[in-house]
Amino acid sequence: MNNRTEKRNPSVRIIPLGGMEQIGMNMTAFEYADSMIIVDVGMSFPTDDMLGIDLVIPDFTYVENNIDKLKGVFITHGHEDHIGALPYFLKNFGQTTVYATRLTQGIIDGKLEEHGLSETAKRQTVRFGDVIKAGDFSVEFIKTNHSIADAAALAIKSPAGTIIHTGDFKIDYTPVFGDMADLQRFAQLGKEGVLAMLCDSTNATREGFTPSERTVGETFETIFAENKNRRIIVATFASNVDRVQQIINTSCRYDRKVVVEGRSMVNIIGKASELGYISIPEGTLIDVDQLKDYPPEKTTLITTGSQGESMAALSRMAASLHRKVTIMPGDLVVFSSNPIPGNEKSVSKVINELEQKGASVINYHTHVSGHACQEEIKLLYSLVRPQFAIPVHGEFHHRQAQAKVVESLGIPKENIFMLNSGDVLELSKEKAEVVSQVTHGGVLVDGLGVGDVGNIVLRDRQTLAQDGILIVVLTLEKYTNQLLAGPDIVSRGFVYIRESENLMDEAQQVVSDAVFECLDSRVTDWSRIKNVIRDDLGSFLWKKMKRSPMILPIIMEVE
Ligand SMILES: [Zn+2]
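Criteria and thresholds
- Residues numbered from 1 in each chain as written.
- Predicted model: local features only at pLDDT ≥ 70, side-chain atom pairs only at ≥ 80, totals over all residues.
- Domains from an automatic or database assignment.
- Contact = placed C-beta atoms within 7 Å.
- Pairing = 2+ DSSP bridges.
- Helix = DSSP H or I, 4+ residues; strand = E, 2+ residues; numbered from the N terminus.
- Axes fitted to C-alpha atoms, helices over the stretch in contact; angles between N-to-C directions.
- Core = buried A, V, L, I, M, F, W, Y, C linked by C-beta atoms within 7 Å.
- Buried ≥ 20, exposed ≤ 12 C-beta atoms within 10 Å, placed from the backbone.
- pLDDT = per-residue confidence, 0-100.

Caption draft 1: Inspection of the domain arrangement of the protein chain at higher detail. Segmenting the protein chain into domains produces domain 1 (14–208 + 370–420), domain 2 (214–362) and domain 3 (455–558). The C-alpha-based centres of domain 1 and domain 3 are spaced at 53 Å. Each partner contributes to the interface: domain 1 provides four residues, whereas domain 3 provides four residues.

Spelled out as structure tokens, the structure:
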């Protein structure tokens with residue numbers, strides 16, 4: 001491209017650094033000339049094969065290589081899949097400012113405090129309608145609705161045109177807290193001309209409209225009216241402040257005291273009430289220790305654990321591992337959530353345990369989604385009328401569903417981009433195309449280690465978990481290479497030794513034969529001896545058991 005065309009068609013680059021192949025790890029870079037901004041820095045949860053991994057964060061290499069361009073980080077809302085990797089990001093790039101609305105900033109504060117970053121990290125709280133200058137970009141926060149208050153869409157302006165990033169959103173005409181999504185602003189921007197829109201695809205496979213959060217309040221009303229003689233325990237997402245508000249409102253109407261249980265729930269509700277996003281009538285909240293002072297039917301517990309997470313409060317109550325709350329016959333447990341795909345088994349385990357203890361469980365009609373269904377997606381596209389459409393936030397299947405919806409609105413197929421993480425989409429008013437790929441991927445976090453667990457460590461963990469380990473120990477004399485002791489075999493997670501003596505004796509014989517063969521043929525290279533042990537014992541065990549445990553030969557040397 002020569003300089004003249006560059007001037008006539010300035011182009012902007014959109015680079016998703018995560019979030020395209022899965023739900024979670026949302027992070028996108030926007031670049032124009034020498035300016036770069038980042039939208040969201042989310043984490044994702046490990047998949048089943050990532051043994052021992054706590055969380056997964058995006059690879060920051062691309063940001064690191066372009067750090068001079070970075071003009072700011074903009075956060076759409078306070079969910080983990082949008083802010084969870086922020087502490088790790090700020091540990092590396094602490095000089096940048098994080099822009100977010102008030103509740104989002106409050107939740108980020110709590111997170112940074114845990115990581116010892118609250119003193120150093122630069123943050124600026126933004127109100128809806130504010131426009132932040134960031135190099136060649138200016139970014140406006142626009143009000144949307146979602147399952148957490150203060151969610152924002154972003155209008156990102158550059159000399160190449162306006163790009164709208166919806167963040168996670170739904171359109172709620174009767175929100176529990178605050179205003180409905182600012183559809184007028186979307187329409188205005190649409191009239192002025194929008195180059196591209198990145199739009200939430202999570203619910204794009206579903207027809208119709210997502211119901212208002214208020215409909216859940218009506219369901220609670222019925223449940224509380226029909227269960228006046230029972231203690232009610234409601235499990236929901238810690239961050240769904242509006243849901244908690246409705247449970248508290250209904251509890252008050254039925255003259256019940258409320259206990260909030262579970263660390264993340266206590267943290268977020270504390271923050272929300274400090275910032276005025278939830279109003280709790282004086283004297284409603286009681287401490288979990290005070291539960292015994294009230295008749296059970298005059299209490300409500302709001303708790304974490306709606307996804308069956310084994311360490312969450314509800315799961316501990318169900319398994320009789322909670323120190324302060326035991327499930328009693330007659331309790332009513334309401335799951336105010338849908339299991340996130342993959343969590344169904346853990347949820348049904350908890351439900352079984354609850355019912356075995358005599359509790360009744362309700363897990364339907366007590367949740368609405370925070371994401372837009374097809375009709376809301378259509379509405380937003382019709383208002384914004386972007387030239388290019390980029391479905392985001394979701395697996396391929398969800399994004400594909402949005403692409404179909406968008407096509408039905410008359411946006412030409414070639415203007416709809418199904419991006420992969422790492423793609424560099426360059427766009428101007430004349431054209432848009434993927435021009436290259438940058439480094440991207442998931443970095444595994446285990447305890448305090450970031451990225452130190454890679455494929456090799458994971459493969460070892462999988463082998464250990466699936467087939468166990470055999471350790472072969474033998475002692476050789478240093479100069480003569482004579483066998484002084486062993487070989488002995490120690491195993492863990494392989495077979496129960498006491499019931500498999502024959503097998504272990506045979507295994508020991510196989511190892512002895514292997515060692516003597518090496519020594520007789522004067523093999524002095526220990527790594528060769530170890531390899532022969534590994535190969536011979538490995539193929540013996542495979543023949544006998546069809547198992548491939550990890551085999552770890554250890555040779556000790558005595559002078
Ligand atoms: Zn969200």
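That was the structure; now back to the text.
Caption draft 2: Region of interest: the sheet that holds strand 20 (residues 432–437). Read across the open sheet, the eight strands follow the order 7-6-5-3-2-1-19-20; overall the sheet is mixed. Edge strands, defined here as strands with exactly one partner in the open sheet, are strand 7 (122–125) and strand 20. The mean angle between the axes of side-by-side strands here comes to 25 degrees, regardless of whether they run parallel or antiparallel. Relative to strand 3 (residues 35–39), strand 2 (residues 27–32) runs antiparallel, the two being bridged by five bridges.

Caption draft 3: Seen up close, the nonpolar core. Residues Phe30, Ile37, Val56, Leu154, Met197, Val241 and Ile390 are the most contacted members of the largest nonpolar core, which totals 134 residues. Taken together, domain 1 (14–208 + 370–420) and domain 2 (214–362) each give at least three residues to this core, which thus spans both. Discounting residues that sit within four places of it in the chain, valine 241 has contacts with Ile148, Ala149, Ile268, Ile269, Ala272, Tyr277 and Ile278. If you look at the next biggest cluster of nonpolar residues, it comprises 15 residues, including Ile489, Ala507, Val510 and Ile551.

Caption draft 4: Structural detail: the confidence of the model for the protein chain. Confidence along the protein chain averages 90 in pLDDT terms, with 98% of residues attaining 70 or more. Predicted confidence for residues 1–6 stays below pLDDT 50, and this span has one contact to residues more than four positions away or in other chains.

Caption draft 5: A look at the environment of proline 58. Along the chain, proline 58 turns up in strand 4 (residues 55–58). We classify proline 58 as buried; it has 30 C-beta atoms within 10 Å. Here the alpha-carbon distance between proline 58 and glutamate 375, two residues 317 residues apart in the chain, equals 32 Å. Other than its neighbours up to four places away in sequence, proline 58 contacts Leu17, Gly18, Met25, Met27, Ala85, His440 and Gly442.

Caption draft 6: Focus on unusual backbone geometry. Unusually for a residue other than glycine, aspartate 150 sits at a positive phi of about 70 degrees. In this fold, aspartate 150 is placed in the loop between strand 9 (137–143) and strand 10 (152–158). With 28 C-beta atoms counted inside 10 Å, the residue aspartate 150 sits in the buried group.

Caption draft 7: Structural view of the sheet that holds strand 15 (residues 299–303). What the five strands build is an open sheet, ordered 14-15-13-16-17; its pairing is parallel. A strand with exactly one partner marks an edge of an open sheet, and here the two such strands are strand 14 (257–261) and strand 17 (360–362). Recorded for the sheet is a direction-independent mean angle of 20 degrees between the axes of neighbouring strands. Both strand 13 (residues 232–235) and strand 15 contribute to a ladder of four bridges, which runs parallel. Of the residues in strand 15, the one forming a bridge with alanine 235 is threonine 303. Strand contacts of helix 8 (residues 241–253): strand 13, strand 14 and strand 15, with the helix running at about 175 degrees to strand 15, the strand carrying the most contacts. Against the sheet, helix 9 (residues 263–274) touches strand 14 and strand 15, its axis set at about 115 degrees to strand 14.

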